[in-house]
Number of protein chains: 2
Amino acid sequence: MIQTISASQFVKKQRAGIQRKVFDKTEAIVDSVAQKGFAAVAEYTRQFDSFTLDMQNVKINKSEFESGAAKLSHVQKASIDKAFSTVEKVQKALAKQALKETKVRVNKNGYTAIRPRSIERIGIYVPGGVAPLPSSLLMAGVTARAAGVKEIVVCTSPNKNGISPAVLYVAKKLGISDIYQIGGAQAIASMAYGLSGIMKKVDMVCGPGNVYTAVAKQIVSSRGLVKIDMMAGPSEVLIIADDSARTDYIAADMLAQAEHGTNSPAVLLTDSKKLAENVCIELEKQLSELKNNTTARKSIDDYGAIVLLDDLDQAVKIANNYAPEHLEVMVQDPEPITRDLANAGAIFVNTCEAFADYGMSGGNHILPTGGTARFASGLSVYDFIVRTYVEYMNDVEQQALSEKTTTFAELEGLEAHANAAKLRGRGADK
Amino acid sequence: MIQTISASQFVKKQRAGIQRKVFDKTEAIVDSVAQKGFAAVAEYTRQFDSFTLDMQNVKINKSEFESGAAKLSHVQKASIDKAFSTVEKVQKALAKQALKETKVRVNKNGYTAIRPRSIERIGIYVPGGVAPLPSSLLMAGVTARAAGVKEIVVCTSPNKNGISPAVLYVAKKLGISDIYQIGGAQAIASMAYGLSGIMKKVDMVCGPGNVYTAVAKQIVSSRGLVKIDMMAGPSEVLIIADDSARTDYIAADMLAQAEHGTNSPAVLLTDSKKLAENVCIELEKQLSELKNNTTARKSIDDYGAIVLLDDLDQAVKIANNYAPEHLEVMVQDPEPITRDLANAGAIFVNTCEAFADYGMSGGNHILPTGGTARFASGLSVYDFIVRTYVEYMNDVEQQALSEKTTTFAELEGLEAHANAAKLRGRGADK
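Cut-offs used in this document
- Residues numbered from 1 in each chain as written.
- Chains lettered and ligands numbered in written order.
- Predicted model: local features only at pLDDT ≥ 70, side-chain atom pairs only at ≥ 80, totals over all residues.
- Helix = DSSP H or I, 4+ residues; strand = E, 2+ residues; numbered from the N terminus.
- Contact = placed C-beta atoms within 7 Å.
- Least-squares fit on C-alpha atoms with pLDDT ≥ 70 in both.
- Core = buried A, V, L, I, M, F, W, Y, C linked by C-beta atoms within 7 Å.
- Buried ≥ 20, exposed ≤ 12 C-beta atoms within 10 Å, placed from the backbone.
- Axes fitted to C-alpha atoms, helices over the stretch in contact; angles between N-to-C directions.
- Parallel < 35°, antiparallel > 145°, perpendicular 65-115°, else oblique.
- Nonpolar A, V, L, I, M, F, W, Y, C, P; charged D, E, K, R; others polar.
- Pairing = 2+ DSSP bridges.
- Domains from an automatic or database assignment.
- Expected span 1.5 Å × (residues − 1).
- Arc of directions from axis to C-beta.
- Right-handed = clockwise from strand over helix to strand, strands pointing away.
- pLDDT = per-residue confidence, 0-100.

1. Observations concerning the overall build of chain A
Scanning chain A for helices and strands turns up 17 helices and 14 strands. The contacts in chain A between residues at least 6 apart in sequence include a share of 74% that link residues at least 24 apart.

In structure tokens, the structure reads:
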């Protein structure tokens, strides 16, 4: 059973890291796909997914697509529809701001425009197989479309029973027809390098996956081939609660986090000894009621924590330093605490992660993990929008600025830069 | 002498890549600094910079700082001041937009806010030694300050004659007092991991450098330690010109690019055979007039190109696909072409890169290279601002959304997620 610990014990607690051998193994897959193309993809798919890929079945055909998407019940479709429209509402509002051009007059005869545009072509990875994640496709796809991305392809690992109907239904709503049955690191490499005769390379790869997918994304990004949304580590939640909070809610939310994987941290920070003790008991109770509690129990034992603090100010400091992916605030008066909280992927006030995971509260569920929320944001339209500086200046202005530019160039010892500026200073004496 | 080539010959031309051994060498430096701290930094500084670092001189002291900054002439200071205020004007205008909170009502009783905040603490690397780059410190520093970044440290390689007065002058204007005499990959590792008793770790590392610095940035970023601005490759320019353009301007701008390094592409796309031929001749002339033309000549020979095209539409297509860092438009009627150009770090219309390199035309000079402009932007306040989703929902709304959330969770087989949502559906029946 989980024990209450102190702040200093918590600070020493480590999150899970990535092993070197995972990097090497993943790099070999990426290199092989880059060199051998589809032959390598087919071989890895046979090895990892026990599935035979050929040039015909690698891409889902139209009838498979239509019949698959139709398999969902009305209630299931309504649930997806609600998530879709809610997430879309938020991202479209944000896109309005993000796609605005900013034009600044920098002097009498010159100005700079910062011109936003959408990335042209992206690939979304959707974990398939045993636990397909239609919600992740929804999150990435709705956000990309709201940002104006035109071409989207999807890769998901093949399954003997066919692609998940929910994944197909979401794809259909997104207007995506290029769905490839390729999983894991080989999918990431396929999207980054392209597959001759099958798939054109993309400019950006996004979506969650296991550690091999995450490392593959990092490798293709570091090679300058594509942008990636982020390098997602184990999902995590940090809950700040006082004695007004409900122990059953807290325990349920910690377990919802813990069922994601055996190294998903679920952390409670509280100033109430009574609450801490009751959550310990409630966790055991709810764990025993789960049909399948193996993963959640291991995760709670190894990475979970219930931390007893002197006051909630200390909780805010620890949270800002820990910079969790998800942060729940369950206190009597949430406003002042929420205002002081800075570093987190998403903060939930009087709501819980489960609603957010399924798009019901509006935010995105692709969020920065492992403390990267100190410097990284959750997925939004901003990730799919790039900006170009467009700089204009007439001849008069160039003559006026020539000397100052030459001086600066000479300070850096760049002779040809100085020459280019000097030449402009002389004006139209060709 | 450089020869005119065709579009198909140009498309096959490769940009420079990074060798595996550079990665391995850099990783060893990063690991050593992570493990041994300052001892490793001192050892690499002795090896690479022939400079003896100790706990006293590793950080510039106040009197060194003041006397160094005072060494600049009035003219030099005026040049830097002009660049500073121009770049600041643009970034402050952009910050106004970027720091705005977006709040969206997602349903009757719930809303999501996208709350922007500045990254707390950053490190800027400034190439030092033989060719210090005060302009890069200016570009990164002014942008970070405009975004609201509070803590900034600078690392620059040590020099027997002291740190460049221009670098110190810019640092002073930026209100930066923490300047460390550490260069190369060891500087990047020091900022990412921190140096016990000397320097606190930062959240983000930016600024240009040689290939070792670039690779070190990539390594610390991939480990989830810090954000980086970008992984900069060789600087490059692509010029689109018709027969109205001045050959002396074109040649001067190509050479300004080529003097950056022996693998900096300077590319001219034109529909005029006459212009192409004249630029070839002009390049030779200007090369022979440079005091030091070794680097520029090698770069032009190996990576330069003059490409003769059928028309300017073809030039636009090639440019969008090449996605250059710098793109100059020197044609009779620049408007329609500029509108169709998408993928570039910065586009210069009737102006040239030299002005932009020194902040005179308003844009930033830290720009995406190697074709990454397809999915990456030039440095701006957006790089120093992160966003948190803050989601609110009252109990009534949670009860209303409980069933839909449970349905979606069950679609993904996540039992504990479903439980957390179900519990909210029951409401305040504790």
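From this point, the narrative continues.
2. Describing the relation of the copies chain A and chain B
Of the transformation superimposing chain A on chain B, the axial component is 0.0 Å and the angular component is 180 degrees, with the fit at an RMSD of 0.0 Å. Accordingly, the operation relating the two chain copies is best matched by a two-fold axis. Taken together, the interface assignments show that 100% of the residues at the interface of chain A recur at the interface of chain B, consistent with an identical surface on both copies.

3. Here we look at unusual backbone geometry
The phi dihedral of A323(A) is positive, around 50 degrees, even though this residue is not glycine. When you line up the elements, A323(A) lands in the loop between α13 (312-322) and β12 (326-330). Within the chain, S50(B) stands out as a residue other than glycine whose phi angle is a positive 45 degrees. Following the sequence through the fold, S50(B) ends up in the loop between α3 (38-49) and α4 (62-69).

4. What to know about the nonpolar core
In this structure, V154(A), V205(A), V154(B) and V205(B) are the most contacted members of the largest nonpolar core, which totals 303 residues. Dropping the residues within four chain positions of it, V205(A) is found in contact with G123(A), Y125(A), I188(A), M191(A), A192(A), K217(A), V220(A), V226(A) and I228(A).

5. Let's talk about the packing of helix α6 (residues 134-147) of chain B against helix α7 (residues 165-174) of chain B
All names here are of chain B. Orientation of α6 relative to α7, taken along the N-to-C sense of each, is 10 degrees, at an axis distance of 9 Å. Comparing their axes, α7 and α6 come out roughly parallel. Between α6 and α7, the residues in contact are P134, L137, L138, G141 and R145 and A166, V167, V170, A171 and L174, respectively.

6. Overview of the interface of chain A and chain B
When the parts of a complex come together, some accessible area is lost, and that lost area is often taken as the interface size. Opposite the 106 residues of chain A that make contact, chain B presents 106 residues. Top contributing element to the side of chain A that touches chain B by residue count: helix α5 (residues 74-98) of chain A, with 13 residues. For the side of chain A that touches chain B, the class distribution of residues is 52 nonpolar, 34 polar and 20 charged. Bridge count between strand β14 (residues 385-393) of chain A and strand β13 (residues 346-349) of chain B: four bridges; the pairing is parallel. Looking across to β13(B), one finds that Y392(A) is bridged to V349(B).

7. What about the domain arrangement of chain A?
All names here are of chain A. Splitting chain A by domain gives domain 1 (20-228), domain 2 (234-363 + 370-377) and domain 3 (394-425). Taking only C-alpha atoms into account, the centre of domain 1 sits 29 Å from that of domain 2. Between domain 1 and domain 2, the residue contacts involve nine residues of the former and six residues of the latter. In terms of residues, the side of domain 1 that touches domain 2 owes the most to one element, α5, which gives six residues. Classifying every residue of the side of domain 1 that touches domain 2 by side-chain character gives five nonpolar, two polar and two charged.

8. Digging into the sheet that holds strand β7 (residues 204-206) of chain B
Residue and element names in this part refer to chain B. Spatial strand order, β6-β5-β4-β7-β8: five strands in an open sheet with parallel pairing. This sheet does not close on itself; its edge strands, each paired only once, are β6 (178-180) and β8 (227-228). For strand β4 (residues 121-126) and β7, the ladder comprises three bridges, and the chain directions are parallel. Directly across from I124, in β7, lies its bridge partner C206.

9. Quick word on helix α11 (residues 273-289) of chain B
Residue and element names in this part refer to chain B. Its 17 residues place the ends of α11 25 Å apart at the C-alpha level, agreeing with the 24 Å of an ideal helix rising 1.5 Å per residue. If you check which residues of α11 are buried, you get L275, A276, V279, E282, L283 and Q286. In an axial view of α11, the angular spread of the buried residues amounts to 125 degrees, which keeps them on one side of the axis. Those residues of α11 that are exposed and angled more than 90 degrees off the buried face are K273, K274, I281, K285 and S288. Tucked inside the fold, the buried residues of α11 contact β1 (4-6), β9 (237-241), α10 (247-258), β10 (266-270), α12 (294-303) and β11 (305-308).

10. Some details on the sheet that holds strand β11 (residues 305-308) of chain A
One open sheet accounts for nine strands, arranged β1(A)-β11(A)-β10(A)-β9(A)-β12(A)-β13(A)-β14(B)-β3(B)-β2(B); its pairing is mixed. Where the open sheet ends on each side, the last strands, each with one partner, are β1 (4-6) of chain A together with β2 (102-107) of chain B. Taking each pair of neighbouring strands and ignoring which way they run, the sheet shows an average axis angle of 25 degrees. For β2(B) and strand β3 (residues 110-118) of chain B, the ladder comprises five bridges, and the chain directions are antiparallel. Directly across from N107(B), in β3(B), lies its bridge partner G110(B).

11. Side note on the packing of helix α2 (residues 20-36) of chain A against helix α3 (residues 38-49) of chain A
All names here are of chain A. Two elements in contact, α2 and α3, have axes whose closest approach is 6 Å; the angle formed by their N-to-C orientations is 140 degrees. With respect to each other, α2 and α3 are oriented oblique. Along its contact with α2, which presents I29, S32, V33 and K36, the element α3 presents A39, A40, V41 and Y44. Considered class by class, the residues forming the contact of α2 with α3 number six nonpolar, one polar and one charged.

12. Observations regarding the pairing of strand β9 (residues 237-241) of chain A
Residues and elements named next belong to chain A. Most of β9 sits out of view: five of its five residues are buried. Burial of β9 is two-sided: the residues V237, I239 and A241 facing one way and the residues L238 and I240 facing the other way are all buried. Summarising the sheet, β9 and strand β10 (residues 266-270) pair through five bridges and their orientation is parallel. By the bridge assignment for β10, I239 is matched with L268. Remark: the β9/helix α10 (residues 247-258)/β10 crossover connection has right-handed handedness.

13. Looking at the confidence of the model for chain A
Residues and elements named next belong to chain A. For chain A, per-residue confidence averages 93 on the pLDDT scale, and 99% of positions sit at 70 or higher. Looking at the elements of chain A, mean pLDDT is at its lowest for helix α1 (residues 7-12), recorded as 81, and at its highest for helix α8 (residues 184-193), recorded as 98. Reported confidence for the predicted complex is 0.95 by ipTM and 0.95 by pTM.

14. A short note on the environment of Y180(A)
Residues and elements named next belong to chain A. Following the sequence through the fold, Y180 ends up in strand β6 (residues 178-180). A tally of 23 C-beta atoms within 10 Å means that Y180 is categorised as buried. For the pair Y180 and A251, spaced 71 residues apart in sequence, the C-alpha separation works out to 39 Å. Those residues within four positions of Y180 in sequence are excluded, and the remaining contacts are V58, K59, V153, V154, C155 and M199.

15. Remarks on the environment of F23(A)
Residues and elements named next belong to chain A. The residue F23 is located in helix α2 in this model. Exposure remark for F23: the 17 C-beta atoms within 10 Å place this residue in the partly exposed category. Spatially, the C-alpha atoms of F23 and V215 are 6.4 Å apart, while their sequence positions differ by 192 residues.

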